[in-house]
Amino acid sequence: MALFTKKNNENISFEVLPEHLGIIMDGNGRWAKKRGLPRKAGHKAGAEVFRTISKECGRLGIKYVTFYAFSTENWKRPKEEVDALMKLFHDYLLEAKEDVAQAGDIKLKIIGDKESFSPELLDLMLSAEEETAEHTGTTVYVAINYGGRQEIVRAVNKLIADGKEEITEEDISANLYTVPECDMIIRPSGEQRLSNFLLWQAAYSEFWYSDVLWPDFTKNDLYSALRDFERRNRRFGG
Ligand code: FPP
């Protein structure tokens, strides 16, 4: 797997960067509760941090970054909260092209089961993807209605539909939403679990946890995680 050195615009350099970084944006609800605010206020603040960190990944030259924004299980949340999240996705997608333009060449891809979304949201997803399709820098995958198990089952069903009788690891890898390997997963908010995120891709991921709640996550937290990644001794089972 290709790992490479890259200098960023702020003169922070890393000897090695993860080629594919996964980020679980957790802790929005607790952030809001601490301030006596509704949960949706935490998601709004979290969406701003998503914008900052996705652009910073672009500036740093990380090749792929996947943000976990809404899981297949998140539909169980109160309607008001789900509606607020859909509105945040909607508002972001409306401005996505201008937003990612600030970080150069970001390509945007929305991953997950798109069947449950409104036609309007689907149109916006498609436009944001089309408008950035030619970009050759960082690919930002936003996982919405995403589940790692669902992603693997979908890959297998695609292969069956194609008439495959014996399925290999390479076949599944080639039919995921994202690139098949994830080098590092960042999870803030003190939780230390994968929560159905990038199950296949995380086979050899390095994990990085922190107590900071996602709306308080800064570029410096990202740099700390990346510094830590530089020092990891990865053996891939060898
Ligand atoms: C988990 O924290 C977070 C979510 C279920 C939603 C994450 C979504 C965003 C940060 C908005 C992203 C926006 C765009 C435009 C991509 P939680 O609410 O479960 O927090 P808690 O564990 O403290 O309750």
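Our structure is the block above this text.
In this convention, every chain numbers its residues from 1, walking through the sequence in written order. The predicted origin of the model limits local features to residues at a pLDDT of at least 70 and limits the giving and counting of side-chain atom pairs to 80 or more, whereas totals for whole chains, interfaces and linings rest on all residues. To obtain the side-chain values, all non-hydrogen atoms of the structure were included, while hydrogens and water were left out.

Student: Honestly, the site of the ligand in this entry has me stumped. Any pointers?
Tutor: Summary of the distance rule: residues count as near a molecule or strand when at least one heavy atom falls within 4 Å of that molecule or strand. In the vicinity of the ligand there are 20 residues, among which M25, R30, R39, H43 and R77 approach most closely. N or O atoms closer than or at 3.5 Å make up a polar contact, with two conditions inside protein: a donor-capable atom paired with an acceptor-capable one, and, for residues adjacent in sequence, both atoms drawn from side chains. A distance of 3.1 Å separates an oxygen atom of the ligand from a polar backbone atom of G29. Between an oxygen atom of the ligand and a side-chain N or O atom of R39, the distance comes to 2.9 Å. Accessible surface is estimated by sampling points in the Shrake-Rupley manner with a 1.4 Å probe; for residues, cover comes only from the protein chains shown. For the ligand, whose free accessible area comes to 630 Å², the fraction covered by protein is 92%. The site holding the ligand turns out to be the largest pocket. Here a cavity denotes grid points, spaced 1 Å and computed from the protein atoms alone, that fit a 1.4 Å probe unable to get out, and a pocket denotes an open set having protein on both sides within 12 Å along at least 5 of 7 lines; residues with an atom within 4 Å of a point are the lining. A molecule is said to be in a cavity or pocket once over half of its atoms fall within 2 Å of that pocket's grid points.

Student: Hey, could you run me through the sheet that holds strand β7 (residues 184-187) in this one?
Tutor: Whether two strands pair comes down to DSSP finding at least two bridges between them. Numbering goes from the N terminus for both helices and strands, where a helix is a DSSP run of H or I of at least four residues and a strand is a run of E of at least two. One open sheet accounts for six strands, arranged β5-β6-β4-β3-β7-β8; its pairing is parallel. Sheet topology places β5 (107-111) and β8 (206-209) at the edges, where each strand pairs with a single neighbour. Strand-to-strand twist of the sheet, defined as the mean angle between neighbouring strand axes without regard to direction, takes the value 20°. Where strand β4 (residues 64-71) lies against strand β6 (residues 139-146), seven bridges are found, and the strand directions are parallel. The residue of β6 that forms the bridge with F70 is I144. Strands in contact with helix α4 (residues 119-132) are β5 and β6; relative to β5, the strand with the most contacts, it is inclined by about 150°. Inter-axis angles, ranging from 0 to 180 degrees, are taken between N-to-C directions of lines fitted to C-alpha atoms, where helices are fitted over the stretch in contact. Residue contacts are counted whenever heavy atoms from the two residues lie within 4.5 Å of one another.

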